[in-house]
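Listed below, chain by chain, are the residues.
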Amino acid sequence: EARKGSPAAWAYLDSLVAGARAKPDRQLLVQARVKRGGTRAFRGDLTAGEPDLIEARTVAESIRDTLGQILSLQYRAHPRELRGDFKISVHLWKRMLRLSQAWNDPDHEGWARMGLAYADIETYRATEARVGYRESIRLMTRAGDQFGLLEARIGLARAAIYLGDYETARTIQLDVLDGARG
């Protein structure tokens, strides 16, 4: 459950939301709701985190806060995907992709494409997943996101395995290991 962990940390996150509401500062509210909702969602309680993330996106839209919209979508899509709820996660990733492209944000576009590629591979569409992971690698390289690049390369290796291209998968995996050592 998401409330496991430091009670002081949860109190802090709750105080951020309360403080933003008291001001009232809509930009601060977006940030506070994304932090609290994203933390809950990534700690395993999407049910508790999703209302924060939905409100964050709604407020972000009203004040034209593209990053707030992108983050609220990402923090909702990823946990849904891990639960196997691909219909909703794909919808959220596609919305995030459109926003990221319009904002010229290669990092978040790369994460959206990676989320879509993961959904493809989990729904037996390895060829499409390979295309998505390759595009994510290109974007992560452009953005300089080393963690995202690592994740995308691991996904690409997984797609190669599903496609029976074991030599490519092995090469990618060895490159990833070399990069981790260096």
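Use the structure listed above.
(A) Focus on unusual backbone geometry. Backbone torsion omega between Lys23 and Pro24 reads -25°, so that peptide bond is classified as cis. As for its placement among the helices and strands, Pro24 is situated in the loop between α1 (7-22) and α2 (26-42). Phi is positive for Asn104, close to 55°, though the residue is something other than glycine. With respect to the helices, strands and loops of the structure, Asn104 is situated in the loop between α5 (86-102) and α6 (106-122). Assessed through its relative accessible area of 55%, Asn104 is described here as exposed.

(B) Quick look at the packing of helix α4 (residues 66-82) against α6. Put simply, α4 and α6 touch, their axes get as near as 11 Å, and they point 20° apart. Viewed along their axes, α4 and α6 adopt a mutual orientation that is roughly parallel. Note on packing geometry: the crossing formed by α4 with α6 is left-handed. Here Leu67, Ile70, Leu71, Gln74, Glu81 and Leu82 of α4 lie close against α6, whose contacting residues are His108, Trp111, Gly115, Tyr118 and Ala119. Residue classes in the contact of α4 with α6 are distributed as seven nonpolar, three polar and one charged.

(C) The arrangement of the nonpolar core in detail. Ranked by internal contacts, the top residues of the largest apolar core, which has 24 residues, are Trp93, Met96, Met114 and Tyr133. Of all elements in the fold, only α4, α5, α6, α7 (126-143), α8 (146-162) and α9 (166-181) reach the threshold of two or more residues within this core. Setting aside residues up to four positions removed in sequence, Met96 forms contacts with Ile70, Leu73, Gln74, His108, Trp111 and Ala112. Counting residues in each nonpolar core, the second largest holds 10 residues, with Leu29, Val30, Ala56 and Ala60 among its members.

(D) How the structure looks around α7. Here α7 contains 18 residues, and its C-alpha end-to-end distance of 25 Å stays within 8% of the 26 Å for a straight helix at 1.5 Å per residue. Every buried residue of α7 is listed here: Ala126, Ala129, Gly132, Tyr133, Ser136, Ile137, Leu139 and Met140. As for α7, its buried residues are in contact with α6 and α8. Backbone geometry just after α7 places Gly144 at a positive phi near 75°.

(E) Representation of the layout of surface pockets within the structure. In this structure, the largest pocket encloses a volume near 330 Å³. Forming the boundary of the largest pocket are 17 residues, of which His78, Glu81, Trp111, Met114 and Glu151 lie nearest the centre. Elements that contribute at least two residues to the lining of the largest pocket include exactly α4, α6 and α8. Class assignment for the residues of the lining of the largest pocket results in 10 nonpolar, four polar and three charged. Size it by volume and the second largest pocket reaches roughly 190 Å³. In this structure, the second largest pocket is lined by Val90, Lys94, Arg113, Leu116, Ala117, Ala119, Asp120, Arg125, Glu128, Val131, Gly132 and Glu135. Considering every element that reaches the lining of the second largest pocket, the biggest residue donor is α6, with five residues.

Rules used in this analysis
- Residues numbered from 1 in each chain as written.
- Predicted model: local features only at pLDDT ≥ 70, side-chain atom pairs only at ≥ 80, totals over all residues.
- Heavy atoms only, no water.
- Helix = DSSP H or I, 4+ residues; strand = E, 2+ residues; numbered from the N terminus.
- Buried < 20%, exposed > 50% of the residue type's maximum accessible area, 1.4 Å probe, protein only.
- Axes fitted to C-alpha atoms, helices over the stretch in contact; angles between N-to-C directions.
- Parallel < 35°, antiparallel > 145°, perpendicular 65-115°, else oblique.
- Left-handed = near helix turned anticlockwise from the far one by under 90°.
- Contact = heavy atoms within 4.5 Å.
- Nonpolar A, V, L, I, M, F, W, Y, C, P; charged D, E, K, R; others polar.
- Core = buried A, V, L, I, M, F, W, Y, C linked by side-chain atoms within 4.5 Å.
- Expected span 1.5 Å × (residues − 1).
- 1 Å grid on protein atoms, 1.4 Å probe; cavity = no way out; pocket = protein on both sides within 12 Å on 5 of 7 lines; lining within 4 Å.
- Points joined across faces, edges and corners; volume = space filled by probe spheres on them.

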